[in-house]
Amino acid sequence: LIARAHRAAVSSLVLCLAVGAAPLRAAIIVDSSDPRCVSLPGRFPPGLDFVPGAEGVAAVANFAPGLVVPVDVEPVPPESAAPGPFFDLRSAIAADACSSSRDPELDGVVAVAPDLALATASSCECVAFIDPRSGGLRDFEVGVPAGFAPGFFPFAPAPGTAQLRAAVSTRACVTPPPPALDSFGASIAPGCNPGTPSYLTSFTSGVARVGDRLFVATSNIGSGAGTLATQFLPGTVLVFDLDLGAPTPTLHPDAEHPVLFTSGFNPTDVTPYTTPGGRALVLVSVSGATGLVPDDPHTPEREAGGVAQSAAAIDVIDTVQARLVATVPLGLAALSFDRLAVDPSGRIALAGSSIGRRVYAVDLAPLDGLDPDGPPVALDGSTGPDAVIFDADAPLELPALAGGAPPETCPGYVVGIAFAADGRRALATDFCDGTLSVIPVRLSPPPPVPVPPERFGAIETVELVAPLRPDSLGLPRALGALRVRPGVPGADFQGPDALFLVGLPEGLLCGIRVPEPGPVPGALAAAAALAGLALGRSGWGSGRAARRRGRSVPRAG
Amino acid sequence: VPAVLAATVLGLPTLLRADDAPGPPPPPEVHRSVPEVVAEAVEPAEPPQDPSSFTTVIEVEDYRGEVTSTEELLSRVPGVHVRRFGGPGDPAEISIRGSTSQQVVIQLDGIRLDTAQSGSVDLSTIPLALLDRIEVSRGGGSVESGSGAIGGVVNLVTLRPGGPPRNTLVGTAGSFGTWEVSGARSGTARDTEYVLGYDWFQTEGDWTFERFDQQTGIGVVKPVPAEATRINNASESQAGLIGLGRGFGDDVHLSFRDAFYYDSRGMPGLDAGSVGEAGQRAEAHERRLRNLAGLQLEAADVAGRGVDLTVDGGYLWEGVRFQDSEEVPRLGTSVDSDDSNATATLRARADAARRIAWSDHRATLSVEGQRDTLASDVFDAQSRNALALAVQDDVGFFTRRLRILPALRWQDTEGFGGAWLPRIGLIAEPWAGLRLKGNLERAYRVPSFDELYFPDKGFIRGNPGLSSEDAVEGDLGVEVALARLGPLRDVSLQAVGFYDDITDSIVYVLVSPSLVEPENTGPATVTGAELSGSFRVFEWVGLEASYTYLDARRDGLGTPLPGRPDQELDLRLDLGPPSRAARLVVEMQAVGEIPVTDTGNTRLPSRTVWDAALSFDLARWPALRDRVGGFRHLVLTFQGTNLTNAVVRDAEFFPQPGRGFAVRVEGDF
């Protein structure tokens, strides 16, 4: 009490002295009390990516204000890699991409060159061109092929013309193939194209550059996003042709295949992938339609969370032909919305679940053998080889944190997934529990196709931030994207090898060194503590770790 | 504050001496080498129902001629923080001693103004022109007011009926297209006291505002646009008051009140966006209609047994229509809601005074019933009944120099069962004009209908499983009230320390990746101090100051409760002759940093705001007195607010206006 009284007296004196001496331009202060993390200007930062060719620099996207900021990830916590100040980009992006009163809501960022990062945005649907060295916008010459109908890309330049723009609209008027049904099974009404079932693409969710093409996933949510009754329209991937070698880079929708429809609803990201044989593909995370669980008034618990309403899959797009060549069905998996994690050898790809603490895996080995001219095949053993390792019927279950998020309301959401650079560990973060799961993966000697589940070892879990519980107020929580720094930790760099985002209550970017798994339970915790994982005052990440073998349920058939 | 402290400390010994021999100054034959300092004690204000609480009474008459508002006056009370969501006519809510707005009970003539749906009151819906005074009791109040009185109780007393005929007309014109006209008449006709009042307010609310930079770990982030104009912020309100009273013999009095309020206003919402006008909503609109009627019967010395009886009945109806035809991004839908709330209350109270042995007793017994109903096109219809019984005694010893006030309320609220709410208060008055006071009590708050039953929209919903918020709180302090202290007049000083231990705080939290709902979030502790004082010097200079220090933290982690500044300082200097023919009033309000997140790591900057008003009462100027015959007062005021154009925000995305000016004419005849 004496200390408080003294502090009050001193601070009141300072307050009195400050009377009339207000700073010329006041600022909101955003700090981080987590020594691993640097504070960002908004909550729920939507994405980050390492910038190729810029050692130790990542581009971090911010939701509101809309920014992409270069960050030096070598120190802990990370530091800005550009002097700033940084300006909210949203109105400039909107002016070039949608001319609407809607703010672009940045969804993610992909750095494709030392001087180019691509930020996807929904609401004002677009892909913005950003210089990751400064965080500023870049101008592209955005055009539309002459043969296109005027309303096909309504917010792009008129067909046959091009304009300098810092973003390209991803609004396309599309007509889905028959039977043209939405996720409720209802017929899609004529929309932007009178007389035929049609709609404007929306919810731009991911972008991948492969060679001279951009592939942009659009989830196409019709109405009621985030409500109990969300309408999903058939998912699409837009294809743009790109020339980065031109004095002013150019971009226009592919003249032959500007729009590809996915095998299911809700494509949420695209991951570039080159097979060991050199075939350039794009893997599309088709998450499937998802709904929200209302509370059951007949139970004492308060239910919430999500539910899968249509099948998920990983679609395979041949980037040269710009067509769908295969799909890997995963059942009612509700894939999470970040890119896939592909191991460094290119053998397997992992995806998380948005409705549970589950990981799905597919074997990428069959992709080299796909017939380039044949019809799309299902890689589940029906019309093509079986590439499914873990699917909705037999997922890899991650351990729940004891005392973690209430399972009725937050049963798990694997929000980030990535492979460590050595390829022997997969990392998965859970939004609900605030944990990092380290999944040992053994791909040597080369396993059969599909990779047997036994090649995935005992999972250890470390608490990174607080679980999503009512009593977690005051603590960092709500994990976001996870990325692993290329290179060998300790040899190629000394700093953290994994970066993750935190959504609440401040947006944070945090760096950690992922420890090697230990031979006995608890070794990971000890290693984590040594690696500086401990969070200090909050107690989260203070070394508690759980070890448990991932539970995989045998798949039917 | 230092001046008040110095004056008090220097004057205290004399004060004590003076109290030993109260009365006129010493005879002239006594020669002293130092000037005589004389202290005359006065009775400090105390609310009759809660005498041991620390209370501030604002007499609206004292602010005659000033362009001010209910929320503005409340914001200068020690322990009170008013969170404004804009400028004049925009929503504002109160916090007392670190409470939420729902933890404060606001009454109009003793009848609760909050609805069961929201549990809070928008202060901007209470026109000051229709008020006679404002009583603010800090810290608890559950014995008198039941659920919700954790932070305190504000009783707004409307214009009094009766007395000699009196008419008041006021017109104000100000920046941002702001106009206000009000009028009132009170008097007595055929033994019936009456008061009629009306207030009309309108503003365009189209002020420009600066947006904050953000100083983050990655550097400075600049908003775009850096400055914007508040759009869709026009509002109009009309309020009326009818008060009637009549005595039946010497011992019975019957009174009736009806307060009517209507507003129609744009709701521009947050300035969190970038395109257009910083993302403000262009179409969102709210219409509110409210009527509060009250009937009170007072009977003194019932049946000759020395028991006073008061029976109050009140009925509050409020309808709020909110519409936003503009599609909400992502949801793909517009918003249209129509809610109507009604609250009926009936309360009977008996007061009796007795002397038992060597103690005086002033006992009160009250019984109260309340029914709340909600009809809505968003909600299922809801209703709730509550019944309460309260007893209180005010036991005086040593000619009431020591008073102990035990009290107990039992309240049963449908769905939440019964709750015992005990309180013990203490008042010690060792010397006239000096009082030591303390309170220890339990308070609680039953969740609102919004918190309990808001339908599941997928991204937000209510939580029927909520428990009541519970609090144990105490305070201890000293009051000094002196008519004279040397050269000082009307000296008052209040210094209070308080403690509030709250469990099961209800906070809206993210419970799943996409869903927000209210939850009981565990314990929090609020400690703080309030220091306030005022005096006049030579009748020409008046100084008021109040300072609040607040330490509101969640238990365990020690992180601050968001939305509460850790300190607030208010100064008011009033210069002018005793006749009040001319006055210059300068006010300063300094508010510390306001944490806006539950870690406290995001903070709004501190600010200092200066206001000044220059007024002339033409009826008091000898040269003009004859020309304005018939007027008791005819006041012309020129006022400037936020003179340094400080950037002010109480909430992260709700800007407040910068510098503004107003002219006001007030006639009293």
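Residues numbered from 1 in each chain as written. Chains lettered and ligands numbered in written order. Predicted model: local features only at pLDDT ≥ 70, side-chain atom pairs only at ≥ 80, totals over all residues. Heavy atoms only, no water.

Trainee: I'm lost on the overall build of chain A in this one. Help?
Mentor: Helix and strand counts for chain A stand at 3 helices and 44 strands. Only carbon and sulfur atoms are counted for the fraction: they give 59% of the accessible area of chain A, which is about 19600 Å². (Helix = DSSP H or I, 4+ residues; strand = E, 2+ residues; numbered from the N terminus. Areas by Shrake-Rupley, 256 points an atom, 1.4 Å probe, with all protein chains shown as cover.)

Trainee: What is the right way to look at the interface of chain B and chain A in this model?
Mentor: Accessible area lost upon the coming together of the parts serves often as the stated size of an interface. Residue-level contacts link 71 residues of chain B with 76 residues of chain A. Across the chain B/chain A interface, buried area totals approximately 6200 Å², and carbon plus sulfur atoms make up 57% of it. Counting every contact that joins chain B to chain A gives 4 salt bridges. The partner of Asp 598 of chain B in a salt bridge is Arg 477 of chain A, with the nearest N and O atoms 2.8 Å apart. Inspection of the chain B/chain A interface yields 27 residue pairs in polar contact (both at pLDDT 80 or more). Here the side of chain B that touches chain A is composed, by residue class, of 30 nonpolar, 22 polar and 19 charged. (Contact = heavy atoms within 4.5 Å. Buried area = accessible area lost by both parts, 1.4 Å probe. Salt bridge = Lys/Arg side-chain N within 4 Å of Asp/Glu carboxyl O. Polar contact = N/O pair within 3.5 Å; in protein donor to acceptor, adjacent residues only side chain to side chain. Nonpolar A, V, L, I, M, F, W, Y, C, P; charged D, E, K, R; others polar.)

Trainee: Sorry if this is basic, but what is going on with the sheet that holds strand E41 (residues 498-504) of chain A here?
Mentor: Residues and elements named next belong to chain A. Read across the open sheet, the 4 strands follow the order E2-E42-E41-E40; overall the sheet is antiparallel. Each end of this open sheet is capped by a strand with a single partner; those strands are strand E2 (37-39) and strand E40 (477-484). Each neighbouring strand pair of the sheet contributes to a mean axis angle of 25°, computed without reference to strand direction. Of the strand pairs in this sheet, E40 and E41 are connected by 5 bridges, and their pairing is antiparallel. Directly across from Arg 483, in E41, lies its bridge partner Leu 499. (Pairing = 2+ DSSP bridges. Axes fitted to C-alpha atoms, helices over the stretch in contact; angles between N-to-C directions.)

Trainee: Please clarify how the confidence of the model for chain A should be interpreted in this entry.
Mentor: In regions of low pLDDT, the predicted coordinates are not meant to be interpreted in detail. Residues and elements named next belong to chain A. Mean pLDDT over chain A: 89, with 88% of residues reaching 70 or higher. Across residues 13-24, confidence stays below pLDDT 50; counting only partners more than four residues off in sequence or on other chains, it has 10 contacts. The low-confidence segment residues 525-557, where pLDDT is below 50, has 79 contacts with residues more than four positions distant or belonging to other chains. (pLDDT = per-residue confidence, 0-100.)

Trainee: For this particular structure, what's the right way to read a negative patch on the surface?
Mentor: Residues and elements named next belong to chain B. Together, Asp 250, Asp 251, Asp 301 and Asp 308 line one region of the surface with negative charge. Of note, Asp 301 is situated in strand E18 (residues 285-302). Overall, Asp 301 belongs to the partly exposed group, its relative accessible area being 36%. (Patch = residues over 30% accessible without salt bridge, like charges linked within 9 Å, V, L, I, M, F, W, Y side chains within 5 Å. Lys, Arg positive; Asp, Glu negative; His and termini not counted. Charge placed at Lys NZ, Arg CZ, Asp CG, Glu CD. Buried < 20%, exposed > 50% of the residue type's maximum accessible area, 1.4 Å probe, protein only.)

Trainee: Any chance you could explain the pattern of salt bridges here in plain terms?
Mentor: Residues and elements named next belong to chain B. Scanning the model with the defined rule gives 76 salt bridges over all chains in all. For Arg 355, the salt bridge goes to Asp 360, with nearest N and O atoms at 3.0 Å. Ionic contacts of the salt-bridge type, sharing partners, join the residues Glu 66, Glu 72, Arg 76, Arg 84, Glu 544, Asp 570, Arg 572, Asp 574, Arg 583, Glu 587 and Asp 611 into one network.

Trainee: Help me out: how do you make sense of the packing of aromatic side chains in this one?
Mentor: Aromatic rings in a pair are described by how distant their centres are and how their planes are angled relative to each other. All chains considered together, the criterion is met by 17 aromatic pairs over all chains. Geometrically, the ring pair formed by Phe 449 of chain B and Tyr 453 of chain B is tilted, given 5.8 Å between the ring centres and 45° between the ring planes. Here the residue Phe 449 of chain B and the residue Tyr 453 of chain B both occupy positions in helix H5 (residues 449-453), the gap between them amounting to 4 residues, near one helical turn. Put simply, the rings of Phe 148, Phe 152, Phe 153 and Phe 240 of chain A touch in pairs and so form one group of aromatic residues. Over the ring of Phe 493 of chain A we find Arg 485 of chain A; its NZ or CZ atom is 4.0 Å from the centre of that ring. A cation over a ring is seen here: Lys 437 of chain B above Phe 54 of chain B, with NZ or CZ 5.3 Å from the ring centre. (Phe/Tyr/Trp six-rings, centres within 6.5 Å; stacked < 30°, edge-to-face > 60°. Lys NZ or Arg CZ within 6 Å of the ring centre and 35° of its normal.)

Trainee: Just to check I follow, could you spell out unusual backbone geometry for this structure?
Mentor: Excluding glycine, residues mostly carry a negative phi; peptide bonds, for their part, are mostly trans. Note the cis peptide between Val 76 of chain A and Pro 77 of chain A, where omega equals 0°. Looking along the chain, the bond that leaves Gly 84 of chain A and enters Pro 85 of chain A is cis, with omega of 0°. Tracing the chain through its elements places Pro 85 of chain A in the loop between strand E6 (79-80) and strand E7 (86-87). With phi around 60°, Arg 580 of chain B is a residue other than glycine that occupies positive phi space. With respect to the helices, strands and loops of the structure, Arg 580 of chain B is situated in the loop between strand E32 (567-575) and strand E33 (582-591).

Trainee: Got a minute to help me understand the pairing of strand E21 (residues 359-376) of chain B in this structure?
Mentor: Residues in a regular strand point their side chains to alternate faces of the sheet. Residue and element names in this part refer to chain B. Both strand E20 (residues 333-356) and E21 contribute to a ladder of 18 bridges, which runs antiparallel. For Leu 346, the partnering residue across the bridge sits in E21 and is Gly 369. Between E20 and E21, which follow one another and run antiparallel, lie 2 residues, and Ala 357 among them has a positive phi close to 55°. If you look at the hairpin formed by E21 and strand E22 (residues 382-397), you'll find 5 residues sitting between the two strands.

Trainee: Hey, could you run me through helix H2 (residues 90-97) of chain A in this one?
Mentor: Buried within H2 of chain A we find Arg 90, Ile 93, Ala 94 and Ala 97 of chain A. Viewed along the axis of H2 of chain A, the buried residues span an arc of 100°, placing them on a single side of the element. Those residues of H2 of chain A hidden inside the fold are in contact with strand E8 (105-113), strand E10 (126-131), strand E11 (136-137) and strand E14 (167-169) of chain A together with helix H4 (275-278) of chain B. In the stretch just after H2 of chain A, Ser 99 of chain A is the one whose phi turns positive, near 50°. (Arc of directions from axis to C-beta.)

Trainee: How should the side chain of Glu 666 of chain B be read in this particular structure?
Mentor: Residue and element names in this part refer to chain B. Within the secondary structure layout, Glu 666 lies in strand E40 (residues 660-668). Judged by relative accessible area, which is 7%, Glu 666 ranks as buried. One polar contact links the side chain of Glu 666 to the main-chain amide nitrogen of Gly 65, over a distance of 3.0 Å. Setting aside residues up to four positions removed in sequence, Glu 666 forms contacts with Arg 64, Gly 65, Thr 168, Leu 169, Val 170, His 633, Leu 634 and Val 635.

Trainee: Would you take a moment to explain the state of the cysteines for this structure?
Mentor: What we call a disulfide is simply a covalent bond connecting the sulfur atoms of a pair of cysteines. Residues and elements named next belong to chain A. Scanning the entire structure with this criterion turns up 4 disulfides over all chains. At a sulfur-sulfur separation of 2.0 Å, the disulfide partner of Cys 37 is Cys 510. On the sign convention where negative means left-handed, the S-S torsion of about 105° between Cys 37 and Cys 510 marks this disulfide as right-handed. Of this pair, Cys 37 sits in strand E2 while Cys 510 sits in strand E42 (residues 508-512), and the two are 473 residues apart along the sequence. Grouping residues by exposure puts Cys 37 and Cys 510 together as buried. (Disulfide = S-S within 2.5 Å.)

Trainee: Help me understand a nonpolar patch on the surface in this model?
Mentor: All names here are of chain B. Nonpolar side chains collect at one region of the surface, where Leu 196, Ile 242, Leu 244, Phe 248, Leu 254, Phe 256, Leu 295 and Leu 297 lie side by side and expose about 640 Å² of accessible area between them. Among the secondary structure elements, those contributing two or more residues to the nonpolar patch are strand E16 (235-248), strand E17 (252-266) and E18. In terms of residues, the nonpolar patch owes the most to one element, E16, which gives 3 residues. Summarising the element assignment, Leu 254 is placed in strand E17.

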